[in-house]
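The residues making up each chain are set out below.
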Amino acid sequence: MGKGPEALFKEKVRKDLGKLPNCWFVKVNHVNQVGIPDFLMCIAGAFVALELKGSETSKISPMQIYTIDQIIKSKGIALITFPNNWKEIYEGLAKLSLYGEELAKEIPN
């Protein structure tokens, strides 16, 4: 059986993040707490979390929304990412990796 759209998207994101300088990331596979984003990373000193969805119609759970809100309230960057907005988000992350936290506000939410 083939991989679904979200699994294929996660593979692409993992490959793309591996190209960024000043970037540490981990793909979260199994956690005991519901709502933890798919990727956690530190890019040029900024904490970034990405929740990946296979399409814009994919369900976002209340715990995922809560976790993302808490990260943002703590001055981190947390984004819900879809295949159709990945290019724009990746470009923002690439700028962040080169120029630091002052560009964090330019990454689209």
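A short tour of the structure in this document, coming up. (Residues numbered from 1 in each chain as written. Predicted model: local features only at pLDDT ≥ 70, side-chain atom pairs only at ≥ 80, totals over all residues. Heavy atoms only, no water.)

In this section: helix α3 (residues 86-99). Over its 14 residues, α3 runs 20 Å from end to end, which matches the ideal 20 Å to within 8%, given 1.5 Å per residue. All of the buried residues along α3 are Trp86, Ile89, Tyr90, Gly92, Leu93, Leu96 and Ser97. Along α3, the residues classed as buried sweep out an arc of 160° about the axis, all on the same side. Looking at α3, the residues exposed on the side facing more than 90 degrees away from the buried face are Lys87, Leu98 and Tyr99. Its buried side turned inward, α3 meets α1 (5-17), β2 (39-43), β3 (46-52) and β4 (77-81). Directly beyond the C-terminal end of α3, a positive phi value near 90° is found at Gly100. (Helix = DSSP H or I, 4+ residues; strand = E, 2+ residues; numbered from the N terminus. Expected span 1.5 Å × (residues − 1). Buried < 20%, exposed > 50% of the residue type's maximum accessible area, 1.4 Å probe, protein only. Arc of directions from axis to C-beta. Contact = heavy atoms within 4.5 Å.)

Right, let's get into the pairing of β3. Among the seven residues of β3, six are classified as buried, and the element is accordingly described as predominantly covered. Pairing of β2 with β3 involves five bridges; the strand directions are antiparallel. Note that in β3 the partner of Phe39 across the bridge is Leu50. With antiparallel pairing between neighbouring strands as the criterion, β2 and β3 make up a hairpin whose turn holds two residues, including Ala44 at a positive phi of roughly 50°. Across five bridges, β3 lies against β4 in parallel orientation. (Pairing = 2+ DSSP bridges.)

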